[in-house]
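Structural overview
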Amino acid sequence: WVLMVTAQAPTNIAVIKYWGKRDENLILAINDSISVTLDPAHLCTTTTVAVSPSFNQDRMWLNRKEISLAGGRYQNCLREIRARARDVEDEKKGIKITKKDWQNLHVHIDSYNNFPTAAGLASSAAGFACLVFSLAKLMNVQEDNGRLSAIARQGSGSACRSLFGGFVKWVMGKEENGSDSVAVPLVDEKHWDELVIIIAVVSSRQKETSSTSGMRETVETSALIEHRAKVVVPKRIIQMEEAIQNRDFPTFAQLTCSDSNQFHAVCMDTSPPIFYMNDTSHRVIGCVEKWNRSEGTPQVAYTFDAGPNAVLIARNRKAATLMLQRLLFHFPPNSDTDLDSYVIGDKSI
Ligand code: DP6
């Protein structure tokens, strides 16, 4: 027999960024972060997990290619879920798996992203959130999404925020064992549903410096990162939560853009410096800044993760349409400066 579960998890985009760890193995951050979860119809991971007595080892396929599960991150997630596994009974199929059986049974995992992996589009966030959620369902784990977020966090820090829709805060926590380092939903996806997110794919190529090694180098070498984590971000988190509660777009946009720029500034302050944005990314920033200034009030916020792609958050559908028109004008298709593609999606789960 084979027992299977399929789940989908959307990616999330941080508006106050996580950058730097205080514990590399447990993945504990040096600051809180806030993100918005995208609509799974646009950028998501679909994962099927299966268990059968005929499987003789844990195996995983990512985008149809087999990958090694040897890395500590997969093992940590699998171990944490197995430790919480419960009895499962499927009467129709005549299957009965006890809590103890799970320790000796192996799983096969098939995971698929509907967007470029590792191009700075937060694929690991959706990936680990989906892996942990689907395994938890398969093994009948009875924990809420907050507890599951602490397990997904051990796969990839940003993954913990993808367990919830809407705006989500990852609380860095104080405990050494990471038990209080969890994702907390701030407002659900209906709270601010006028927002429209456009992702301008500047390049779908794989990024050169992974987030994991990039943030390690920043923590080791940047003189600015401590000030960011201890002084700037705590203030911004409070202001951002308030802006989200009040649907105050000008404050939201100002904080989002400043935080993205500061994240890239600490990357540049790293030795050797890390450049995630390229000339096209800089031109997108210029285009948004100029338009926002000419309107007198921000229409669009921009934010860039560990890659050159622009995530643009428009205050409403009209602003999103005008933004797209501007992008097409400034980066004409089939020109030297064209973009790879656009993804447009409403924020929701
Ligand atoms: C720039 O979560 O990918 O997207 O925890 O090492 O797996 P690891 O890093 P990851 O880092 C994401 C960094 C970021 C900002 C963010 O999502 O908050």
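Above this text sits the structure in question.
The structure reproduced in this document is the subject of the present report. (Residues numbered from 1 in each chain as written. Predicted model: local features only at pLDDT ≥ 70, side-chain atom pairs only at ≥ 80, totals over all residues. Heavy atoms only, no water.)

As for the site of the ligand
Applicable threshold: Each residue is tested against the molecule or strand, and it is near if at least one of its non-hydrogen atoms lies within 4 Å. Between N or O atoms, a polar contact is any pair within 3.5 Å; within protein, one atom must be a potential hydrogen donor and the other a potential acceptor, and residues adjacent in sequence are included only when both atoms are from side chains. Every accessible area reported is derived by Shrake-Rupley at a probe size of 1.4 Å, with residue values counting cover from the shown protein chains alone. Only DSSP runs of H or I covering at least 4 residues are called helices, and only runs of E covering at least 2 are called strands; the numbering of each starts at the N terminus. Three categories are distinguished: nonpolar for Ala, Val, Leu, Ile, Met, Phe, Trp, Tyr, Cys and Pro, charged for Asp, Glu, Lys and Arg, and polar for the others, with Gly belonging to the last.
Every one of the 18 residues lining the ligand counts as a neighbour, but Tyr18, Lys21, Ser156, Gly157 and Ser158 are closest to it. In the environment of the ligand, an oxygen atom lies 2.6 Å from a nitrogen or oxygen atom belonging to the side chain of Ser156. For the ligand, an oxygen atom lies 2.7 Å from a polar atom in the backbone of Gly157. Here the ligand has 460 Å² of accessible area as a free molecule, and 95% of this is covered by the chains. The leading source of residues in the shell around the ligand is helix H4 (residues 211-221), at 3 residues. Among the residues making up the shell around the ligand, the classes are represented as 7 nonpolar, 6 polar and 5 charged.

With respect to unusual backbone geometry
The step from Ser271 to Pro272 runs through a cis peptide bond, and the omega angle for that step is -5 degrees. The residue Pro272 is located in the loop between helix H6 (249-268) and helix H7 (279-295) in this model. Even without being a glycine, Ile27 presents a positive backbone phi close to 55 degrees. One can find Ile27 in the loop between strand E3 (21-23) and strand E4 (28-29). Although it is not a glycine, Asn63 sits at a positive phi angle of roughly 50 degrees. Tracing the backbone shows Asn63 in the loop between strand E7 (59-62) and strand E8 (65-67).

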